[in-house]
Structure formats: C-alpha cells, structure tokens
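A closer look at the structure
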Amino acid sequence: QVQLVESGGGLVQAGGSLRLSCAASVRSFSTYTMGWFRQAPGKEREFVAAIRWSGGSTNYADSVKGRFAISRDNAKNTVYLQMNSLKPEDTAVYSCAAVLGSLIVPTTPRGYNYWGQGTQVTVSS
C-alpha cells in the first residue's frame, strides 16, 4: 500500500511562490511515476505536472509551463512542486498521485493508482 501526504499549501498573494511536498510511504519510491493534480471548487480535477520514475522525463499542463517545476528526491521518498508567479486561477486543492513503473508519464487521473488527501493553495489578487 502506498500512502501519500502533501504539505506546503497556504495563502499567498498573486506573483508569489509556494513549494509543495509529497512524502510517500512506500518501498522502492524510485520505481513510481509521480504526478500533481489540482481541483478548484465546481471544476473537475486537472493535471498539473508529472515526473517519470527515472526522473528523466517530465510533463506539464500548458497553464503552468514556465511557472511550475516538478522534481523528486528518491532518497527522501518525496516529490516537490515549485510554484512561481502564482495567479488567482491557480487556487485549488493540490493532490499528488503515484503509479508504479509507468513507461509513460500519465496526464489523466485514471493513469494513477494512489492519491494523497490534498493541500489547499489559495492565491489572492
């Protein structure tokens, strides 16, 4: 069983930055592809970013390219999402997700097997 716990959310002004962390309780974390998704009130869950198990391949939603960066530290069983130049439309609950050994970097929720509870990010204008 994989347990994922997000942290780092909060309230920030537009233009500010936050770094989200997702700690995984799992053996062989390095074999899991990790993703970040977000869901705003009244909207469907949407893909934000993902990083392949090997760490060599990443994927980003067009809306966050150039502003967000995903990374991982396999020694710490943790994946990060650095969010810069935040906008009010980035306000959402951000959740991390994991899938074992994917050959691709999934960009849809169905591509992942395990989910964290989420952390709230609120960007004020």
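Residues numbered from 1 in each chain as written. Predicted model: local features only at pLDDT ≥ 70, side-chain atom pairs only at ≥ 80, totals over all residues. Heavy atoms only, no water.

1. With respect to the side chain of arginine 72
What counts here: Only runs of H or I of at least four residues qualify as helices and only runs of E of at least two qualify as strands under DSSP, and these elements are numbered from the N terminus. In protein, a polar contact requires one atom able to donate a hydrogen and another able to accept it; more generally it is a pair of N or O atoms within 3.5 Å, and residues adjacent in sequence count only if both atoms are side-chain atoms.
Take arginine 72: it is sitting in strand S7 (residues 68–73). Within the local environment of arginine 72, its side chain forms a polar contact with the backbone oxygen of tyrosine 32, the two atoms lying 2.8 Å apart. Within polar-contact distance, the side chain of arginine 72 engages the backbone oxygen of arginine 52 at 3.1 Å.

2. Remarks on the packing of aromatic side chains
This is how it is decided: Two rings belonging to Phe, Tyr or Trp (six-membered ring only in the last case) form a pair when the distance between their centres is within 6.5 Å. Interplanar angles under 30 degrees mark stacking, angles over 60 mark edge-to-face geometry, and anything in between is tilted. Partly exposed describes any residue whose relative accessible area lies between the buried limit of under 20% and the exposed limit of over 50%, with all areas from a 1.4 Å probe on protein chains only and scaled to the type maximum. Placement of a charge over a ring requires the Lys NZ or Arg CZ to be within 6 Å of the ring centre, with the centre-to-atom vector within 35 degrees of the ring normal.
Evaluated as defined, the whole model comprises 5 aromatic pairs. Between phenylalanine 37 and tyrosine 112, the aromatic rings sit 5.4 Å apart at their centres with planes inclined by 80 degrees, giving edge-to-face as the arrangement. Placement of phenylalanine 37 in strand S4 (residues 32–39) and of tyrosine 112 in the loop between strand S9 (92–100) and strand S10 (114–115) is noted, with a sequence separation of 75 residues between them. There is no split in this pair, since phenylalanine 37 and tyrosine 112 are both buried. The rings of Phe37, Phe47, Tyr112 and Trp115 are connected pair by pair, giving a single aromatic cluster. The residue whose ring lies beneath arginine 45 is tryptophan 115, and the NZ or CZ to ring-centre distance is 4.1 Å.

3. Concerning unusual backbone geometry
The backbone of serine 28 sits at a positive phi, close to 55 degrees, despite the residue not being glycine. By secondary structure assignment, the location of serine 28 is in the loop between strand S3 (18–25) and S4. The phi torsion at asparagine 77 lies on the positive side, around 55 degrees, for a residue other than glycine. Tracing the sequence through the fold places asparagine 77 in the loop between S7 and strand S8 (78–83).

4. Some remarks on the sheet that holds S7
Operational definition: Strands qualify as paired when DSSP identifies two bridges or more between them. Where helices are involved, their axes are fitted lines through C-alpha atoms of the stretch in contact, as for all axes, and angles between N-to-C directions lie from 0 to 180°.
One open sheet holds the 4 strands; their spatial order is S1-S3-S8-S7, and the pairing between them is antiparallel. Strands at the two margins of the open sheet, each flanked by one partner only, are strand S1 (3–7) and S7. Pairs of neighbouring strands in the sheet enclose a mean axial angle of 15 degrees, with direction left out of account. Taken together, the 5 bridges between S1 and S3 define a ladder with antiparallel strand orientation. The residue of S3 that forms the bridge with valine 5 is alanine 23.

5. Here's the deal with the nonpolar core
Inclusion rule: For the purposes of this section, nonpolar cores are sets of buried Ala, Val, Leu, Ile, Met, Phe, Trp, Tyr and Cys residues that join through side-chain atoms within 4.5 Å.
Membership of the largest hydrophobic core comes to 38 residues, with the highest contact counts inside it found for Met34, Trp36, Leu81, Met83 and Tyr94. Listed by contribution, the elements that provide at least two residues to this core are S3, S4, strand S5 (46–51), S7, S8, S9 and strand S11 (119–124). With 6 residues, the top contributor of residues to this core is S9.

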